[in-house]
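Overview (structure and organization)
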Amino acid sequence: MTAITLIAALGSNRVIGKDGDMPWHLPEDLKHFKATTMGHPMVMGRKTFDTIGRALPGRRTIVITRDTTWSHPEVEVAHSLADALFLAGPADEVFVVGGGQVYAEAMPFAQRMVLTEIDAAPEGDTFFPEWDRAQWHESAREQRDGFAFVTYERG
Ligand SMILES: NC(=O)c1ccc[n+]([C@@H]2O[C@H](COP(=O)([O-])OP(=O)(O)OC[C@H]3O[C@@H](n4cnc5c(N)ncnc54)[C@H](OP(=O)(O)O)[C@@H]3O)[C@@H](O)[C@H]2O)c1
């Protein structure tokens, strides 16, 4: 069965986005995202794909949209989260890479979360969903200057 991992960078107020983009510029986090997701399929919402604007190399990109006319030559399209996960099918791990709507929908099915926890509470309009800490345990933490890479496993 395909394991589902959410990967996100969030402020201490759970902000993940502002005006369709991320409210910070953290090159080290982008490197970490690349290294973590490389070789695995990624599922993302259509709005997040619009902010990136292209497929990222070395990873299948599956975009969720309700618009049945939407397409992009470099990505696969799904019209529900379930269909996106089905497309990701044979992989052992699929990364759900945002944004807020898609994290919220995928959270109940996720086994793992790889979060960049930023020591700041920037203004924003898009949030990582609230989650029940009793259902998760921290399995890894790497502290950096101003943020930490933290892994949580369900259970
Ligand atoms: N900090 C981070 O780690 C991080 C990561 C990713 C994104 N972000 C930020 O998050 C923001 C975007 O997040 P968002 O919540 O606005 O949008 P989103 O989750 O990226 O995309 C929402 C869109 O996905 C499609 N969608 C969602 N659920 C669906 C379903 N069940 N079936 C079919 N299609 C579905 C719809 O597309 P259609 O409208 O085309 O139907 C919907 O409008 C941006 O600011 C971005 O920069 C931050």
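Residues numbered from 1 in each chain as written. Predicted model: local features only at pLDDT ≥ 70, side-chain atom pairs only at ≥ 80, totals over all residues. Heavy atoms only, no water.

Among the residues of helix α3 (residues 81-88), those classed as buried are Leu81, Ala84, Leu85 and Ala88. Seen from one end, α3 has its buried residues packed into an arc of 95°, which puts them on one side. Within α3, the exposed residues directed more than 90 degrees away from the buried face are Ala82 and Phe86. The inward-facing, buried residues of α3 contact β1 (3-10), β3 (42-45), β4 (61-64), β5 (76-78), β6 (93-96) and α4 (100-106). (Buried < 20%, exposed > 50% of the residue type's maximum accessible area, 1.4 Å probe, protein only. Helix = DSSP H or I, 4+ residues; strand = E, 2+ residues; numbered from the N terminus. Arc of directions from axis to C-beta. Contact = heavy atoms within 4.5 Å.)

Among the 8 residues of β1, 7 are classified as buried, and the element is accordingly described as predominantly covered. Across 4 bridges, β1 lies against β6 in parallel orientation. Counterpart to Ala3 in the pairing with β6 is Glu93. (Pairing = 2+ DSSP bridges.)

Here we come to the layout of surface pockets. Taken as a whole, the largest pocket holds about 1300 Å³ of empty space. Together, 45 residues line the largest pocket, and Thr48, Thr51, Val97, Gly98 and Gly99 are the ones closest to its centre. At the level of elements, β1, β2 (15-17), α1 (27-37), α2 (46-52), α4 and β7 (112-118) are the ones that each hand at least two residues to the lining of the largest pocket. Of the residues in the lining of the largest pocket, the class split is 18 nonpolar, 16 polar and 11 charged. The volume enclosed by the second largest pocket comes to roughly 170 Å³. In terms of lining residues, the second largest pocket is bounded by 13 residues, among which Leu10, Gly11, Ser12, Glu117 and Arg133 are the most central. Elements represented by at least two residues in the lining of the second largest pocket include exactly β7 and β9 (136-143). Ranked by residue count, the leading element in the lining of the second largest pocket is β7, at 3 residues. Of the residues assigned to the lining of the second largest pocket, the class counts are 5 nonpolar, 3 polar and 5 charged. (1 Å grid on protein atoms, 1.4 Å probe; cavity = no way out; pocket = protein on both sides within 12 Å on 5 of 7 lines; lining within 4 Å. Points joined across faces, edges and corners; volume = space filled by probe spheres on them. Nonpolar A, V, L, I, M, F, W, Y, C, P; charged D, E, K, R; others polar.)

The tally for this structure, following the rule as stated, stands at 9 salt bridges. Across the pair Glu93 and Arg112 runs a salt bridge, and its minimum N-O distance is 2.7 Å. Placement of the pair is Glu93 in strand β6 and Arg112 in strand β7, with a sequence separation of 19 residues. Look at Glu93 and you get buried, because its relative accessible area is 15%. Between Arg141 and Glu138 there is a salt bridge, with the nearest N and O atoms lying 2.8 Å from each other. In this structure Glu138 comes out as partly exposed when scored by relative accessible area, which is 40%. Within this structure, Glu28, Glu142 and Arg144 form a network of salt bridges that share partners. (Salt bridge = Lys/Arg side-chain N within 4 Å of Asp/Glu carboxyl O.)

Function-wise, these values are silent; they only describe arrangement.
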